Amino acid sequence: MAGLNPESRNLLKQTSRSFYLTLRALPGAVRSQIGLAYLLARTTDTIADTEIVPMEQRLRALQQLRERIRGADEAPLDFTTLADRQGDPAERELLKQCDRSLAGLRGLAPDDLQRLRDVLRTIISGQELDLQRFAGASRDNIIALPTEGELDDYTYRVAGCVGEFWTKMCRTHLFPDATLDEARLLKDGVRFGKGLQLVNILRDLPADLRKGRCYVPMDELARNGLSPADLLQEANQARFAPLYRRYLNRAEAHLVAGWNYTNTVPYGQVRVRLACAWPILIGMETIRRLRSGNILDASQRIKVSRAEVRRIIVQTLVRYPFGSVWRRLGPMAA
């Protein structure tokens, strides 16, 4: 990926997992910018998730990194303590190589640099809010988001804003002259990101609960006669299922908007369309499995296999030339 040093490209491959496929599919004109944004967002996420380190230290590290990203501070970053607490070698290296990742910012055009700073500022604000909100949370002290509005705000901060960033970057560099409904494209891009994040939240619900985190809002649980602690008991699945299905339906509706987004991108932008289609179709397959699984069973983590991902990729490649057949691959509005 031009614009990223070899070490950063290797880190992308090690840490981005399935998203690396999407990055590889993107046209070269936007690949390095989006790749760098992902790499730095992955770094901030690793800092925020290092639970063995006190919250205050993680918040301080996020603030230091935010200041470097926005160009307000050039002091070298030393995340050795955080790096040494990582069980994943790739995440350990990600933190150790943070200054090299930041060096990629110097190669960006001014407008691209501002877009990247904007999206990372928003993402970090969501991570900081999350750390503060769940301070003191544990299995014995589960803290839930208070309202629907806070859930929507969180999904925007950590993922919906990425849809905006992606849209503006692709629009500028790949199809600046295409006649499109700009406002609708941005709105669908935000919903695309929110949908992917909501799928992750719903899939990871049992594991998050055991860390004391509940992203299902307290007000909605209360309306259904439930408390966050009730979700630790598999026996409460039947009581929780109607509310859970409502959130699955919302995630699916967001991914429908993402599929509309994908098909609004000019037909000739094959790489962009494929890069959008893959996470949508993987997300839809995850939703399908969540609908039939035991949603409160912490021992059964729903995951789409590599073989299934390969099948999805092959399907999209084979069907792309056939418009109506291609469109039927994705989720359609009810």
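Here is a short report on the structure shown in this document. (Residues numbered from 1 in each chain as written. Predicted model: local features only at pLDDT ≥ 70, side-chain atom pairs only at ≥ 80, totals over all residues. Heavy atoms only, no water.)

1. A short note on the side chain of Thr-155
Inference 1: Checked against the element boundaries, Thr-155 lands in helix α9 (residues 148–173).
Inference 2: Thr-155 gets classed as buried once you look at its relative accessible area, which sits at 4%.
Inference 3: Those residues in contact with Thr-155 that lie beyond four places of it in its chain are Gly-160, Lys-194, Gln-197 and Ile-201. (Helix = DSSP H or I, 4+ residues; strand = E, 2+ residues; numbered from the N terminus. Buried < 20%, exposed > 50% of the residue type's maximum accessible area, 1.4 Å probe, protein only. Contact = heavy atoms within 4.5 Å.)

2. Quick notes on the side chain of Thr-122
Inference 1: When you line up the elements, Thr-122 lands in helix α8 (residues 110–133).
Inference 2: Among the polar contacts made by the side chain of Thr-122, one reaches the main-chain carbonyl oxygen of Asp-118 at a distance of 3.1 Å.
Inference 3: Apart from residues lying up to four places away in sequence, Thr-122 is in contact with Tyr-156, Arg-157 and Cys-161. (Polar contact = N/O pair within 3.5 Å; in protein donor to acceptor, adjacent residues only side chain to side chain.)

3. Digging into the environment of Thr-50
Inference 1: Relative to the elements of secondary structure, Thr-50 occurs in the loop between α3 (28–49) and α4 (55–69).
Inference 2: We classify Thr-50 as buried; its relative accessible area is 5%.
Inference 3: The spatial distance from the C-alpha of Thr-50 to the C-alpha of Ala-275 is 30 Å, given a sequence separation of 225 residues.
Inference 4: For Thr-50, the contacting residues outside a window of four places in its chain are Arg-58, Leu-82, Arg-85 and Gln-86.

4. Some details on the packing of α3 against α8
Inference 1: It is the contact of α3 with α8, at a shortest axis distance of 10 Å, that shows an interaxial angle of 20°. When the interaxial angle is binned, α3 and α8 end up roughly parallel. Seen from above, α3 lies across α8 with right-handed handedness. Residues Gln-33, Leu-36, Ala-37, Leu-40, Ala-41, Thr-44, Asp-45 and Ala-48 of α3 form the contact with α8, whose own contacting residues are Asp-112, Leu-116, Leu-120, Ile-123, Ile-124, Gln-127 and Leu-131.
Inference 2: A per-class count over the contact of α3 with α8 returns 10 nonpolar, three polar and two charged. (Axes fitted to C-alpha atoms, helices over the stretch in contact; angles between N-to-C directions. Parallel < 35°, antiparallel > 145°, perpendicular 65-115°, else oblique. Left-handed = near helix turned anticlockwise from the far one by under 90°. Nonpolar A, V, L, I, M, F, W, Y, C, P; charged D, E, K, R; others polar.)

5. Observations concerning helix α1 (residues 6–15)
Inference 1: Within the span of α1, buried status applies to Ser-8, Leu-11, Leu-12 and Thr-15. Seen from one end, α1 has its buried residues packed into an arc of 105°, which puts them on one side. Exposed and facing more than 90 degrees away from the buried side of α1 are Pro-6 and Lys-13. (Arc of directions from axis to C-beta.)

6. Structural notes on the state of the cysteines
Inference 1: Applying the stated criterion across every chain yields a total of zero disulfides.
Inference 2: Here Cys-161 stays free of any disulfide, with the sulfur of Cys-170 as its closest cysteine sulfur at 15 Å.
Inference 3: Classification of Cys-161 as buried rests on a relative accessible area of 3%.
Inference 4: Among the cysteines around Cys-276, which has no disulfide bond, Cys-170 carries the closest sulfur, lying 7.0 Å off. (Disulfide = S-S within 2.5 Å.)

7. Topic: the packing of aromatic side chains
Inference 1: One pass over the full model with this rule turns up eight aromatic pairs.
Inference 2: Consider the rings of Trp-259 and Trp-326, whose centres lie 5.2 Å apart with planes at 35°: the pair is tilted. Of the two residues, Trp-259 is situated in helix α13 (residues 237–264) and Trp-326 in helix α16 (residues 323–327); the sequence distance between them amounts to 67 residues. Like Trp-326, Trp-259 is buried.
Inference 3: A network of ring pairs unites the aromatic residues Trp-259, Tyr-267, Tyr-320 and Trp-326 as a single cluster.
Inference 4: Here Arg-246 stacks its cationic end above the ring of Tyr-247, 5.3 Å away from the centre of that ring. (Phe/Tyr/Trp six-rings, centres within 6.5 Å; stacked < 30°, edge-to-face > 60°. Lys NZ or Arg CZ within 6 Å of the ring centre and 35° of its normal.)

8. Digging into the environment of Ile-52
Inference 1: As for its position among the elements, Ile-52 is in the loop between α3 and α4.
Inference 2: Sequence spacing of Ile-52 and Ile-201 is 149 residues, and the spatial spacing of their C-alpha atoms is 22 Å.

9. A word on α3
Inference 1: Look at α3: 31 Å from first C-alpha to last across 22 residues, which is about the 32 Å you get at 1.5 Å a residue.
Inference 2: Across the 22 residues that make up α3, a large majority, 16, are buried. (Expected span 1.5 Å × (residues − 1).)

10. Some details on the environment of Arg-9
Inference 1: With respect to the helices, strands and loops of the structure, Arg-9 is situated in helix α1.
Inference 2: The partly exposed category is assigned to Arg-9, whose relative accessible area is 30%.
Inference 3: Expressed as a C-alpha distance, the spacing of Arg-9 and Ser-101, which sit 92 residues apart in the sequence, is 9.5 Å.

11. Comments concerning the packing of α3 against helix α6 (residues 89–96)
Inference 1: Their axes nearest at 10 Å, the elements α3 and α6 cross at an angle of 105°. Comparing the axis directions of α3 and α6 gives the class roughly perpendicular. Here Leu-39, Arg-42, Thr-43, Thr-46 and Ile-47 of α3 lie close against α6, whose contacting residues are Glu-91, Leu-94 and Leu-95.
Inference 2: Taken together, the residues of the contact of α3 with α6 sort by class into four nonpolar, two polar and two charged.

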